[in-house]
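Remarks on the overall topology
The chain contents come next:
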Amino acid sequence: VERFRQSKVLVLGRGRGGQQQDVLGATWQYVDWKELQAFYPEIDPDEAAEQAARWTRAAQALPPGQYVEPSVPPAKEVHHAAVVYLAMLRLLKKYGTNMITMSCGGGLGTSAALCGFPCLGFSQLLDDGGLGICEANVDDTPPMLMALHLAGRPGFVSDPAIDTSQNRIVYSHCVGPTKVFGPSGPQNGYRIRTSHARIGAVVESLPPAGYMTTTFRTNVARKQMVIHQAKSLGALDSENGCRTKLIGEVRGDIAKLFERWDQFGWHRVTVYGDLKEPLTEFGKALGLEVIEEA
């Protein structure tokens, strides 16, 4: 709890730069896009090329003939992602933290604050023991902090799809960790893909099967936390939807989970491990009412 309260998360694309907000005791530091952009000219093209090559070398190739262009991003998109990542590192160092979230869609839109997709950089931050979180949503970030401080493991923010006919959920997003057991754990396979919109360069992580996972999310305004569990069945190999897709076999009543889902928004945060009891106690220690949704 003390480590949670000492955390500082940079938030880009929401709020006004320079402002701070207390979120369950942690600090949300709002930063203007221009502070990130200011680092772009400092990035050595050779340094970005080296980072892009590092990601590309470690990535798995797509199965021959299974996917067609533009499923594989051009090399320039991976290079642009590396520039964004290296600029993020400099911004994080400036503020003395390793945790960042941003309203990515806005940064990639008309403002052009992002010169590439941040997803590969977010994945790298997660694998290295920091936080890189999509969409700057106040209720996605506390669970990510909780998973990191409690278990030393990254969370996976997702837009889940529920299949009541098979008692399954597919947790999906265009970013995800490749070291689901933490920085010192094994790395699972991943691919570099275009986003589901067929642009940019993102991560398709291929998470392992056979482990219990714990999925939860806060509602800071209501001082509540929702939680459920599912056994990992591995990655769903499908061209549809966001790229990283983890299949979970739900423990409990999936009909109940389906009926109540939208009470906590659509996103959820999944962490590997049978962590329901300690995360429940963590939530209570932060002053949250904990609700078992399945």
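Shown above is the structure to which this text applies.
The following paragraphs examine the structure supplied in this document. (Residues numbered from 1 in each chain as written. Predicted model: local features only at pLDDT ≥ 70, side-chain atom pairs only at ≥ 80, totals over all residues. Heavy atoms only, no water.)

Time to look at the overall build of the protein. Scanning the protein from N- to C-terminus turns up nine helices and 15 strands. In terms of C-alpha radius of gyration, the protein reaches 18 Å, essentially the compact-globule figure of 19 Å for 294 residues. Dimensions along the principal axes, computed over C-alpha positions, put the protein at roughly 50 × 50 × 35 Å. Looking at the 294 residues of the protein, the share that counts as buried comes to 54%. Here the analysis covers contacts within the protein between residues at least 6 apart in sequence; of these, 70% occur between residues at least 24 apart. When the accessible surface of the protein is summed, it comes to about 12,200 Å², and 50% of that surface belongs to carbon and sulfur atoms. Charged side chains in the protein number 30 positive and 31 negative. The centres of these two groups are separated by 2 Å. (Helix = DSSP H or I, 4+ residues; strand = E, 2+ residues; numbered from the N terminus. Rg over C-alpha atoms; globule rule 2.2 N^0.38 Å. Buried < 20%, exposed > 50% of the residue type's maximum accessible area, 1.4 Å probe, protein only. Contact = heavy atoms within 4.5 Å. Areas by Shrake-Rupley, 256 points an atom, 1.4 Å probe, with all protein chains shown as cover. Lys, Arg positive; Asp, Glu negative; His and termini not counted. Charge placed at Lys NZ, Arg CZ, Asp CG, Glu CD.)

So, about the nonpolar core. Inside soluble globular proteins, nonpolar side chains tend to come together where they are buried. Counting residues in each nonpolar core, the largest one holds 43 residues, and the members touching the most others are L12, L36, W55, M88, L91, I100 and M102. Within the residue set of this core, elements represented by two or more residues are β1 (8–12), α2 (33–37), α3 (45–58), α4 (75–95), β4 (99–102), α6 (119–127), β9 (190–193) and β10 (202–205). Sort the elements by how many residues they give to this core and α4 lands first, with 12 residues. When near neighbours in sequence (up to four residues on either side) are disregarded, W55 contacts V78, A81, A82, Y85, L120, G121, Q124, Y190 and I192. (Core = buried A, V, L, I, M, F, W, Y, C linked by side-chain atoms within 4.5 Å.)

Residue placement: D127 occurs in helix α6. One buried charged residue, D127, remains without a salt bridge, the closest side chain of opposite sign being K179 at 6.3 Å. With residues near it in sequence (within four places) discarded, D127 still touches P177, T178, K179, P183 and Q187. (Salt bridge = Lys/Arg side-chain N within 4 Å of Asp/Glu carboxyl O.)

In this structure the tally under the stated criterion is six aromatic pairs. On the numbers, 6.0 Å between centres and 65° between planes, the contact of W261 with W266 is edge-to-face. Look at W261 and you get buried, because its relative accessible area is 1%. An aromatic cluster is built from F181, Y211 and Y272, whose rings are joined through pairwise contacts. Of note, R268 hangs over the ring of W261, and the distance from its end group to the ring centre comes to 3.8 Å. (Phe/Tyr/Trp six-rings, centres within 6.5 Å; stacked < 30°, edge-to-face > 60°. Lys NZ or Arg CZ within 6 Å of the ring centre and 35° of its normal.)

This part is about helix α9 (residues 276–285). Buried within α9 are the following residues: L279, T280, F282 and G283. Buried residues along α9 cover an arc of 160° about the axis, so they all sit on one side. Elements that come into contact with the buried residues of α9 comprise α1 (2–5), α7 (141–151), β11 (209–219), β12 (224–235), β14 (268–272) and β15 (289–292). G287 occupies a position one or two residues after α9 and carries a positive phi of about 85°. (Arc of directions from axis to C-beta.)

Strand order in the open sheet formed by five strands is β2-β3-β1-β4-β5, with mixed pairing between adjacent strands. The two strands at the open ends of the sheet, each matched to only one other strand, are β2 (20–23) and β5 (131–134). This sheet shows a mean twist of 25° between the axes of neighbouring strands, independent of strand direction. Bridge count between β1 and strand β3 (residues 26–31): five bridges; the pairing is parallel. Each residue of the ladder has a partner; that of V9, found in β3, is W28. (Pairing = 2+ DSSP bridges. Axes fitted to C-alpha atoms, helices over the stretch in contact; angles between N-to-C directions.)

This next bit is on the environment of R243. Note that R243 resides in the loop between β12 and β13 (244–251). Accessibility expressed as a relative area gives 0% for R243, which makes it buried. Taking C-alpha positions, R243 is 9.7 Å from L206, a pair spaced 37 residues apart along the chain. Look past the residues within four positions of R243 in its chain and what remains in contact with it is S71, H173, C174, R193, T194, S195, H196, R198, V202, V203 and E204.

A word on the packing of α4 against α6. Contact geometry for α4 and α6: axes closest at 7 Å, N-to-C directions at 50°. As summarised for this structure, α4 and α6 are arranged oblique, according to the angle between their axes. Seen along the crossing, α4 lies across α6 with a hand that is right-handed. Residues V78, A81, Y85, M88, L89 and L92 of α4 pack against L120, G121, F122, Q124 and L125 of α6. When its residues are assigned to classes, the contact of α4 with α6 shows nine nonpolar, two polar and no charged. (Parallel < 35°, antiparallel > 145°, perpendicular 65-115°, else oblique. Left-handed = near helix turned anticlockwise from the far one by under 90°. Nonpolar A, V, L, I, M, F, W, Y, C, P; charged D, E, K, R; others polar.)

Under the criterion given, the structure shown has 13 salt bridges. Among the ionic pairs, D140 bridges to R217, the shortest N-O distance being 2.9 Å. Pair noted here: D140 is in the loop between β5 and α7 and R217 is in strand β11, with a separation of 77 residues, a long-range link. Given a relative accessible area of 5%, R217 falls into the buried group. Taking the shortest distance from any N to any O, the salt bridge between E239 and R198 comes out at 3.7 Å.

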